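# Secondary and tertiary structure notes
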Protein chains: 2
Amino acid sequence: MNSKNLFSERSRRKRLSQQLISLRSLVPNITKMDKRSVLVDALAYLKSIHEETARLQAELEEKMTDAPQEEKVAEALEGRRTVVKGSGNKKSRHKSQILEIDTEKIEDRRFVVKMTCRGGSGVGGEVLRAVESLGFDITYTSLDQIKPQHVLITIFVRIRKPGRMTEEKLKDCITSSAIRSGLTLHNP
Amino acid sequence: MNSKNLFSERSRRKRLSQQLISLRSLVPNITKMDKRSVLVDALAYLKSIHEETARLQAELEEKMTDAPQEEKVAEALEGRRTVVKGSGNKKSRHKSQILEIDTEKIEDRRFVVKMTCRGGSGVGGEVLRAVESLGFDITYTSLDQIKPQHVLITIFVRIRKPGRMTEEKLKDCITSSAIRSGLTLHNP
DNA sequence: TCCTACACGTGACTC
DNA sequence: TGAGTCACGTGTAGG
């Protein structure tokens, strides 16, 4: 009868508002308990924290470029360290870009991601970090330098929830995460 | 009459769902267009990005207070890496650690580095970034999840200058770079 | 047919 | 007396 629909509709509303409540609990600076305001505040907070992350990442990147190179470390470990730090060695980073990305479903919850990337030393870590930040289960990864500045990355991914993920969606996920991480796309 | 309330209620619903849509547009990894799933995903994303920010902040903070860098490295290499700072022990946030590291020389300028690491999602990127920051030429890398939270990383490295690098020195280079990047050592 | 998710109009409640 | 928000039950469209 209608009573079934009534129940399910009730529980649906309940779950929805409960989700909204738990969302509200995670967002600071909640001005109003108002339903819509929660969404607005959540959106604003998301945007702000997004900027913050980008800022931190940039700052950290800058610090990273001051990391001692191969010889410096070797010398330091030999005892004759001539550590001269502080001089602004600003490399033009962020040259890493994704040339191509392809996803393939191999079984219900398992995918293979193949991407060719261009960039100097560091491109592997950047790409891997971008993919790992999505929280998927990564069972195997290989990075193959096919020629100077060019790396072929193969990633085996297992999705947590079955059935929901498609090849295209996974590709989009990784792409947007990469862009968020500062990588660029090379669209042919 | 009721017609006024009707209109305002319509516009209210409209604004609400519009807010939901704009929230959805900001959240990646959208599994379903489903109304409630948007909230769930937004919540998950918020949580993940929150962790990421905290992690970055911690990392950056560590970089900032990096005056006794050589000491930290030396101590870690000696195995007596106890908590140096008397104040807060922020190390608990970083769970990624190197369980074992082994280097092998295969020819004059080529080495194989094998390391088993422990840590959640993100350990691969961290380790890889640490190694890549040394500026070596990395020809091939594989990351194999041997069991949950445990990754076996194999890296093929080519050194620029021949003759000056030893297995032990390379191991030290990578170890200290890893420590500098915030990873910890598990010394048996 | 059943089930799910949705938008709708309406009554109730608060400021 | 409104103007705003909310929860409710219902009709309906897609799977």
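Residues numbered from 1 in each chain as written. Chains lettered and ligands numbered in written order. Predicted model: local features only at pLDDT ≥ 70, side-chain atom pairs only at ≥ 80, totals over all residues. Heavy atoms only, no water.

Within chain A, the secondary structure is distributed over five helices and five strands. The burial tally for chain A puts 38% of its 188 residues in the buried class. Considering only contacts within chain A whose residues lie at least 6 apart along the sequence, 53% involve residues at least 24 apart. A total of about 11000 Å² of accessible surface is found on chain A, and carbon and sulfur atoms cover 51% of it. (Helix = DSSP H or I, 4+ residues; strand = E, 2+ residues; numbered from the N terminus. Buried < 20%, exposed > 50% of the residue type's maximum accessible area, 1.4 Å probe, protein only. Contact = heavy atoms within 4.5 Å. Areas by Shrake-Rupley, 256 points an atom, 1.4 Å probe, with all protein chains shown as cover.)

The subject of this paragraph is the protein's contact with DNA strand D. In the vicinity of DNA strand D, the residues found are N2, N5, L6, E9, R10, R13, D34 and K35 of chain A together with N5, E9, R12 and R15 of chain B. When the atoms of DNA strand D within 4 Å of the protein are grouped by moiety, sugar and phosphate amount to 53% of the total. One nitrogen or oxygen atom from the side chain of R10 of chain A is found 2.7 Å from a phosphate oxygen belonging to DNA strand D. Between a base nitrogen of DNA strand D and a side-chain N or O atom of R13 of chain A, the distance comes to 3.1 Å. Counting only elements with at least two residues in the surface near DNA strand D, the list comes to helix 1 (2-26) of chain A together with helix 1 (2-26) of chain B. Looking at the surface near DNA strand D element by element, the count peaks at six residues for helix 1 of chain A. Here the residues of the surface near DNA strand D are counted per class, giving one nonpolar, three polar and eight charged. (Near = heavy atom within 4 Å. Polar contact = N/O pair within 3.5 Å; in protein donor to acceptor, adjacent residues only side chain to side chain. Nonpolar A, V, L, I, M, F, W, Y, C, P; charged D, E, K, R; others polar.)

Our next topic: the pattern of salt bridges. Scanning the model with the defined rule gives seven salt bridges over all chains in all. R12 of chain A is paired through a salt bridge with E9 of chain A; the nearest N and O atoms lie 3.2 Å apart. You can see R12 of chain A and its partner E9 of chain A sitting in helix 1, three residues apart, about one turn around the helix. Take R12 of chain A: its relative accessible area is 34%, and that puts it in the partly exposed class. As a salt-bridge pair, R158 of chain B and D137 of chain B come within 4.0 Å of each other at their nearest N and O atoms. Of this pair, R158 of chain B sits in strand 4 (residues 150-158) while D137 of chain B sits in strand 3 (residues 137-147), and the two are 21 residues apart along the sequence. By relative accessible area, R158 of chain B is classed as partly exposed at 28%. In this structure D137 of chain B comes out as partly exposed when scored by relative accessible area, which is 23%. Connected through salt bridges with shared partners, the residues E9, R12 and R13 of chain A form a single ionic network. (Salt bridge = Lys/Arg side-chain N within 4 Å of Asp/Glu carboxyl O.)

Below, the discussion takes up a negative patch on the surface. All names here are of chain A. The grouping of E100, D102, E104, E167, E168 and D172 at the surface amounts to a negative patch. At the level of elements, strand 1 (97-107) and helix 5 (167-180) are the ones that each hand at least two residues to the negative patch. Note that E104 resides in strand 1. Taking relative accessible area as the criterion, E104 reaches 42% and is therefore assigned partly exposed. (Patch = residues over 30% accessible without salt bridge, like charges linked within 9 Å, V, L, I, M, F, W, Y side chains within 5 Å. Lys, Arg positive; Asp, Glu negative; His and termini not counted. Charge placed at Lys NZ, Arg CZ, Asp CG, Glu CD.)

It is worth spelling out the nonpolar core at this point. Judged by nonpolar contacts, the single largest core of 52 residues is most densely connected at M115 and I155 of chain A together with M115 and I155 of chain B. Leave out the neighbours within four places in its chain, and M115 of chain B touches I98, E100, I101, V127, V151, L152, I153, I155 and I174 of chain B. (Core = buried A, V, L, I, M, F, W, Y, C linked by side-chain atoms within 4.5 Å.)

One open sheet holds the 10 strands; their spatial order is 5(A)-1(A)-2(A)-4(A)-3(A)-3(B)-4(B)-2(B)-1(B)-5(B), and the pairing between them is mixed. Two strands bound the open sheet, and with one partner strand each, they are strand 5 (184-185) of chain A together with strand 5 (184-185) of chain B. Inspection of the sheet shows strand 2 (residues 110-118) of chain B paired to strand 4 of chain B by nine bridges, in the antiparallel sense. Of the residues in strand 4 of chain B, the one forming a bridge with C117 of chain B is V151 of chain B. (Pairing = 2+ DSSP bridges.)

A word on the packing of helix 4 (residues 123-132) of chain A against helix 4 (residues 123-132) of chain B. In a pair of packed helices, the angle between the axes and the distance between the axes together describe the arrangement. Their axes nearest at 8 Å, the elements helix 4 of chain A and helix 4 of chain B cross at an angle of 165°. Classed by the angle they form, the pair helix 4 of chain A and helix 4 of chain B counts as roughly antiparallel. Crossing angle aside, the handedness with which helix 4 of chain A passes helix 4 of chain B is left-handed. Across the interface between the two elements, V123, G124, G125, E126, L128, R129 and E132 of chain A of helix 4 of chain A pack against V123, G124, G125, E126, L128, R129 and E132 of chain B of helix 4 of chain B. Split into classes, the residues belonging to the contact of helix 4 of chain A with helix 4 of chain B amount to four nonpolar, four polar and six charged. (Axes fitted to C-alpha atoms, helices over the stretch in contact; angles between N-to-C directions. Parallel < 35°, antiparallel > 145°, perpendicular 65-115°, else oblique. Left-handed = near helix turned anticlockwise from the far one by under 90°.)

Here the focus is the protein's contact with DNA strand C. Surveying the vicinity of DNA strand C reveals the residues E9, R12 and R15 of chain A together with N2, N5, L6, E9, R10, R13, D34 and K35 of chain B. Counting only atoms of DNA strand C within 4 Å of the protein, the fraction found in sugar and phosphate groups is 53%. Side-chain polar atom of R12 of chain A to a phosphate oxygen of DNA strand C: 3.3 Å apart, as the coordinates give it. Within the backbone of K35 of chain B, one N or O atom sits 2.7 Å away from a phosphate oxygen of DNA strand C. Of all the secondary-structure elements, those providing two or more residues to the surface near DNA strand C are helix 1 of chain A together with helix 1 of chain B.

Residue and element names in this part refer to chain A. Averaged over every residue, the pLDDT of chain A is 78; the share at 70 or more is 80%. At the low end of the mean pLDDT range in chain A sits helix 3 (residues 70-78), at 46; at the high end sits strand 4 (residues 150-158), at 96. This model gives residues 67-93 a pLDDT under 50, and the stretch forms 41 contacts once residues within four places in sequence are excluded. (pLDDT = per-residue confidence, 0-100.)

Each aromatic ring pair is specified by the distance between its two centres and by the angle formed by the two planes. Residues and elements named next belong to chain A. On inspection of all chains with the given rule, the structure shows two aromatic pairs over all chains. Between Y140 and F156, the aromatic rings sit 6.2 Å apart at their centres with planes inclined by 65°, giving edge-to-face as the arrangement. Of this pair, Y140 sits in strand 3 (residues 137-147) while F156 is found in strand 4, placing the two residues 16 residues apart along the sequence. (Phe/Tyr/Trp six-rings, centres within 6.5 Å; stacked < 30°, edge-to-face > 60°.)

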